[in-house]
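# Coordinate inspection notes
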Amino acid sequence: MTHVVPNAIAQLQQLIGEADAMMGFTGAGISTESGVPDFRSPNSPWRTHRPIPFDSFMASEAARKEAWRRKFAMDDLYAGARPNRGHAAFASLVASNKMMAVVTQNIDGLHQASGIPADRIVELHGNGTYARCLGCGQRHDLGPIRKTLETTGTPPVCASCGGILKSATISFGQPMPADAMTRAYALAERCDLILVVGSSLVVYPAAAVPVLAKRQGATLVILNREPTPLDDLADLVIHADIGTTLEPLQN
Ligand code: NAD
């Protein structure tokens, strides 16, 4: 294990140069430079607009209304957020085919906005930029949902099947998306280098992905400004700012 080292960027570049099958794994920290607050840092607005657990969401219309109110309050906080230097570095690594894919816990769509094709992004916790019907699975835009809520005070239901509409994120207590988990574990089984950026690595099963990659022999690199519970498992730990560290990796 190597802790903060002055030539961390050079070491990271060397590991990337040597890798044949690299994957990325990102958390909320990669998006803070874009103005999207992370979850666990002090004074995070996610604590005052805490997402409603899935069972409560399903239990009452009042809870669903409150869930939408909190969701749109958070959306307003980072409306117009654009990809930053960290996202650009990942996009470069994917575009050059050095990186197979990015597994992300993020729901903000900024990896897609940075130019990474959707099929090279695995979203473990869904996507907050649209909604889905929990009945028939149909995708819905957020704009009309918000308009209905604001004009009628009632959350709309699916026009096709009458089902409950929910932001396409995975709430606490909601089953993980099986396809995304399968793809993430397959990447972890195959990779020889995993670059973990901006995650506190306390949310499971997501954090099991880097653990699996390391156990099957991959080199594990963790970039985060504070320690994580997986630092002792890592081959290289960089406690530094994400944008500054990854900027040299952009093309
Ligand atoms: P987290 O908030 O638990 O941890 C983020 C980590 O990144 C922290 O350890 C923090 O110190 C670090 N960090 C923040 N900015 C940094 C920077 N500029 N440089 C270096 N380190 C930085 O995030 P998580 O592990 O992804 O777990 C949060 C959960 O909440 C996820 O499951 C995710 O679905 C959801 N979430 C998503 C977003 C998003 O989509 N952007 C934002 C908040 C929460």
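These numbers were taken from a predicted model, which means no experiment stands behind them. (Residues numbered from 1 in each chain as written. Predicted model: local features only at pLDDT ≥ 70, side-chain atom pairs only at ≥ 80, totals over all residues. Heavy atoms only, no water.)

### Here's the deal with the packing of aromatic side chains
Definition in use: Aromatic rings from Phe, Tyr and Trp, taking only the six-membered ring of Trp, are treated as a pair when their centres fall within 6.5 Å; an angle between ring planes under 30 degrees marks them as stacked, one over 60 as edge-to-face, and anything in between as tilted. Secondary structure elements follow DSSP: runs of H or I no shorter than four residues count as helices, runs of E no shorter than two count as strands, and numbering proceeds from the N terminus. Each residue is placed in one exposure class: buried if its accessible area under a 1.4 Å probe, protein chains only, is under 20% of its type's maximum, exposed if it is over 50%, and partly exposed if it falls in between. We count a charge as sitting over a ring when the NZ of a lysine or the CZ of an arginine lies within 6 Å of the ring centre and within 35 degrees of the ring normal.
Enumeration according to the criterion identifies three aromatic pairs in this entry. Considering the side-chain rings of phenylalanine 39 and phenylalanine 172, the 6.1 Å spacing of their centres and the 50° angle between planes classify their relative orientation as tilted. A residue pair is termed long-range when its members are at least 10 positions apart, and phenylalanine 39 in the loop between β1 (22–26) and α2 (45–48) and phenylalanine 172 in the loop between β6 (165–169) and α8 (178–190) qualify at 133 residues. Residue phenylalanine 39 is classed as buried on the basis of its relative accessible area, which comes to 19%. Here the aromatic rings of tryptophan 68 and phenylalanine 72 are separated by 5.4 Å at their centres, their planes lie at 20°, and the arrangement is stacked. You can see tryptophan 68 and its partner phenylalanine 72 sitting in helix α4 (residues 61–77), four residues apart, about one turn around the helix. For phenylalanine 72, a relative accessible area of 7% puts it in the buried group. A cation over an aromatic ring shows up here: arginine 139 above the ring of tyrosine 130, its NZ or CZ 3.7 Å from the ring centre. Its end group placed over the ring of phenylalanine 57, lysine 166 keeps NZ or CZ at 5.9 Å from the ring centre.

### Observations regarding the sheet that holds strand β4 (residues 126–133)
So the rule is basically this: In this scheme, strands are said to pair when DSSP sees at least two bridges between them. For this analysis, residues touch if any pair of their heavy atoms sits within 4.5 Å. Only the stretch in contact is used when a helix axis is fitted, and all axes are lines through C-alpha atoms; the angle between N-to-C directions ranges over 0 to 180 degrees.
A sheet is described by the order of its strands in space; here three strands give the open sequence β5-β4-β6, paired in antiparallel fashion. Strands with a single pairing partner mark the edges of an open sheet, and in this sheet they are β5 (139–140) and β6. Where β4 meets β6, four bridges bridge the pair, whose relative direction is antiparallel. Along β6, the bridge assignment pairs glycine 126 with threonine 169. Set on the sheet, α4 makes contact with β4 and β6; between it and β6 the angle comes to about 45°. Sheet strands touched by helix α7 (residues 142–152): β4, β5 and β6. Its angle to β4, the strand with the most contacts, is close to 70°.

### Some thoughts on the packing of α4 against α7
Going by this rule: For classification, angles of less than 35 degrees are called roughly parallel, those exceeding 145 degrees roughly antiparallel, those between 65 and 115 degrees roughly perpendicular, and all remaining angles oblique. Two helices that cross are described as forming a left-handed crossing if the nearer one is turned anticlockwise from the farther one by less than a right angle, and a right-handed crossing if clockwise. For this scheme, ten residues count as nonpolar: Ala, Val, Leu, Ile, Met, Phe, Trp, Tyr, Cys and Pro. Four count as charged, namely Asp, Glu, Lys and Arg, and the remainder, Gly too, count as polar.
The geometry of α4 relative to α7 is characterised by a closest axis approach of 11 Å and an angle of 120° between their N-to-C directions. Here α4 lies oblique to α7, going by the angle between them. Helix-helix and strand crossings are classified by hand; for α4 and α7 the assignment is left-handed. Along its contact with α4, which presents Lys65, Trp68, Lys71, Phe72, Asp75 and Asp76, the element α7 presents Leu142, Ile145, Arg146 and Leu149. Its residues assigned to classes, the contact of α4 with α7 comprises five nonpolar, no polar and five charged.

### Re the site of the ligand
Inclusion rule: In these notes, residues near a molecule or strand are those with any non-hydrogen atom within 4 Å of it. Polar contacts here mean pairs of N or O atoms no more than 3.5 Å apart (in protein, one a potential hydrogen donor and the other a potential acceptor; neighbouring residues in sequence count only if both atoms are side-chain atoms). In this description, accessible areas are obtained by the Shrake-Rupley approach with a 1.4 Å probe, and a residue is regarded as covered only by the protein chains that are shown.
If you check the shell around the ligand, you find 27 residues, and the closest are Phe39, Arg40, Gln105, His125 and Ser200. Threonine 32 has a polar side-chain atom sitting 2.8 Å from a nitrogen atom of the ligand. At 2.8 Å from an oxygen atom of the ligand is found a side-chain nitrogen or oxygen belonging to serine 199. Coverage of the ligand by the protein amounts to 96% of the 860 Å² it exposes when considered alone. Partitioned by chemical class, the residues of the shell around the ligand number ten nonpolar, eleven polar and six charged.

### Notes on α8
Convention followed: The span one expects for a helix is its residue count, reduced by one, times 1.5 Å. Picture the helix axis, draw a direction to every C-beta atom, and the arc is the one those directions span.
End to end, α8 covers 18 Å across 13 residues, agreeing with the expected 18 Å (1.5 Å per residue, within 8%). Looking only at α8, the buried set comprises Ala180, Met181, Ala184, Leu187 and Ala188. Projection of α8 onto a plane perpendicular to its axis shows the buried side chains occupying an angular sector of 130°, all on one side. Set apart from the buried face of α8 by more than 90 degrees, the exposed residues are Ala178, Asp179, Thr182 and Arg190. Buried residues in α8 make contact with β1, β2 (99–104), β3 (121–123) and α9 (208–215).

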